[in-house]
Amino acid sequence: MDSGSGAPLVPWAVTLLCLFAKAGCIDIYLQWNVTVSMLAPIYEFQPVIQINGMFPGPLINATTNDNIHVNVFNSLDEPVLFTWNGIQQRLNSWQDGVSGTNCPIKPGTNWTYVFQTKDQIGSFFYFPSTRFQKAAGGFGPIRINNRNVILVPFPKPEAEFDLLIGDWFGTPYKDVRASPDKANVAALLMNGKPAYWNAIDPERFNVTQGKTYRFRVSNVGSKHSLNFKIQKHKMMIVETEGSYTNQITVDSLDIHVGQSFSVMVTANQSIGDYAILASVTQTGPEEWLEFGAALLHYQGSTTSPSKDFPYVPDPRDRAFSVNQARSIRWNMTTGAARPNPQGTFNVTNVTLSETFVLRSSREEINGAPAYTVNNVSYLTPATPLKLADHFSNGSGVYELDSFPRNSVNRAASYGTSVVAGIHKGWAEIVFQNDLHEMDSWHLDGFGFYAVGFGDGDWSNASREGYNLFDPVVRSTVQVYPKGWTAVYVYLDNPGMWNLRSQTLRNWYLGEELYVRVYDPDPNPSKERPPPSNLLLCGNYEPAPSPSPQGHGQRSSSRRSVSAPLGGRGGGVLLAVLVNMALIIGVWI
């Protein structure tokens, strides 16, 4: 069904690159069967998306520069795509797994993602990116470990734990997506389980007194920012979304939708069971939800956990949350994916090439609710933008730079928003939140420097308060109600990249756009060609195979379409040239 005969070409060449570069990377092969089962994560049975029978899905455990092959068999009753939240897909937006870059995997078929964890470390997660499916599960953790030659800037923990926290709807996801602006979440889950006092088999992390552990925590929810805390234990923040941070100790940590953190926890209390808590933050009392709660279980404990829960910050205390966000700084002296310190690329003397001011709001268009950016609600075309870009320079699918990047249209409307980013230029992006609730924004393909937060409207004078010395680099940043957040990003990764709200309802109802970063250099090492198993759809929907003979799906999914001259076209020969360039070290 998938990809097949030509697929080994790219992994073979990249593996040779690993050997020649002595990078120690390996190929990791995963096979996923994506299904829906009737489960009761809270109080009623509802459809839950599982991967290989697991909810949450299996861990992807890799090391810097490893090559990941994920063969996804879609056993759902509708198409599916997976995206890899925070994985930068260097020179390879073909594997990004969002509607603007990939055709969906149809029911009853499979497709193999092949991507490299190039020059990255850290904690991330994956999830289904279309049709509101994330609200039904299908998410799972990703770890990218340091290569042995790169020291981790803290002592090796006794063990590492992955913890996915998030809000959960009490009704089937297809019902929620029919009216996403009216649906409310019903509970908070930890690794797919409710609070331990409501769970038959509660989520439990076993520790030994005196030992130190690393928790990789991600907010995989749909709506709510969460405050994370462990009863009677302090946490040391050490990493967020691929960046080692200055190590600060906290009692609790705000983790916003789409964000990931690593914290170190020492089991330094009396032997017992302690609550691991998540609570809704930065919201009003009308949206309060019962705690999400797991157990920190000390070896030898025979006592029941106390319900004398630790104090949690006032969920309306913005000052606490903003001050904590500002205190999370980039560790400028440690190595991460590369031997050179993270701080090699600082932003103290950056010359900005362009500024985007993106104002998000809720509007109505033709009587229907819509979330907009500068009063444009994204309209998803049937043809992925990347496919149109490759075959016809976007013609007939989108109009480049028709989106108002620094102004707000007078009337709300639908549009396929694509803006040009200057290749190897520094962009300033200002997220202005006109909503009365938290938002968070994510950019595929890059990490960005979170340089500033503020209340009210951003202005040029707001730059005076930026932290340009050691802002943390991450892929998802929160934006407070009626406030703004500013980031810098170096657009050195050619491709078509999704810039979106991580709040699922906002994203689904149009709060997104795409940034096209184009490098006119014809050197094929600048951006990878389309994969040999490229799926076609929309304007390039392949004709049915004239001869089934058991190969119809494979033939149709690999059918070639002639690209215009200069369209950075595909084909096996170009793939060979690209990979030869990789081998001799031309790839940047």
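Reading guide: rules and limits
- Residues numbered from 1 in each chain as written.
- Predicted model: local features only at pLDDT ≥ 70, side-chain atom pairs only at ≥ 80, totals over all residues.
- Heavy atoms only, no water.
- UniProt positions renumbered as here; feature names shortened; annotations may be inferred.
- Pairing = 2+ DSSP bridges.
- Helix = DSSP H or I, 4+ residues; strand = E, 2+ residues; numbered from the N terminus.
- Axes fitted to C-alpha atoms, helices over the stretch in contact; angles between N-to-C directions.
- Contact = heavy atoms within 4.5 Å.
- Buried < 20%, exposed > 50% of the residue type's maximum accessible area, 1.4 Å probe, protein only.
- Arc of directions from axis to C-beta.
- Polar contact = N/O pair within 3.5 Å; in protein donor to acceptor, adjacent residues only side chain to side chain.
- Salt bridge = Lys/Arg side-chain N within 4 Å of Asp/Glu carboxyl O.

- An unreviewed UniProt entry lists the protein under the name Monocopper oxidase-like protein SKU5, from Aristolochia fimbriata.
- Regarding the protein, the UniProt comment filed under Sequence similarities (unreviewed entry) reads as follows: "Belongs to the multicopper oxidase family."

### Description of the sheet that holds strand β32 (residues 512-517)
- With mixed pairing, five strands are arranged side by side in an open sheet as β24-β32-β31-β26-β29. For this open sheet the edge positions go to β24 (418-421) and β29 (476-479), each flanked by a neighbour on one side alone. Within the sheet, the average angular offset between the axes of one strand and its neighbour, ignoring direction, is 25°.
- Note that strand β31 (residues 495-501) and β32 share six bridges and pair antiparallel. Looking at the pairing, R500 lines up with E512 of β32.
- On the sheet, helix α4 (residues 385-392) packs against β24, β31 and β32 and is oriented at approximately 155° with respect to β31.

### Remarks on α4
- In terms of residue burial, α4 counts as a mostly covered element, since seven of its eight residues are buried.
- Of all the residues in α4, the buried ones are L385, K386, L387, A388, D389, H390 and F391.
- Residues of α4 that are buried sit in contact with β22 (376-378), β24, β31 and β32.

### So, the sheet that holds strand β14 (residues 235-240)
- Here six strands make up an open sheet; going across it, the order is β10-β9-β12-β17-β14-β15 and the pairing mixed. A single partner strand is all that each edge strand has here, and the edge strands are β10 (185-190) and β15 (243-250). The sheet shows a mean angle of 20° between the axes of neighbouring strands, direction not considered.
- Note: β14 against strand β17 (residues 260-266), three bridges, orientation antiparallel. Its bridge partner lying in β17, M236 is registered against M264.

### What about helix α3 (residues 318-327)?
- Among the residues of α3, S321, V322, Q324 and A325 are the ones counted as buried. For α3, the arc enclosing every buried residue in end-on projection is 160°, short of the 170-degree limit, so these residues lie on one face.
- Elements in contact with the buried residues of α3: β15, β16 (252-255), β27 (448-455) and β29.
- The backbone nitrogen of A319 lies 3.3 Å from a side-chain oxygen of the residue at the head of α3, namely D317.

### Considering the pattern of salt bridges
- Throughout the structure, instances matching the rule amount to 29 salt bridges.
- Residue R177 pairs with E78 through a salt bridge whose shortest N-O separation is 2.8 Å. You can see R177 sitting in helix α2 (residues 173-178) and its partner E78 sitting in the loop between β4 (67-74) and β5 (82-85), a full 99 residues away along the chain.
- The class of E78 is buried, set by a relative accessible area of 7%.

### A word on the side chain of T485
- Looking at the secondary structure, you find T485 in strand β30 (residues 483-490).
- With relative accessibility at 0%, the residue T485 sits in the buried group.

### Observations concerning the pairing of β15
- Pairing analysis gives five bridges linking β14 to β15, with the strands arranged antiparallel. What sits directly across from E239, in β15, is Y244.
- Turn length for the β14-β15 hairpin, with the two strands adjacent in sequence and antiparallel, is two residues, and the turn residue E241 shows positive phi of about 45°.

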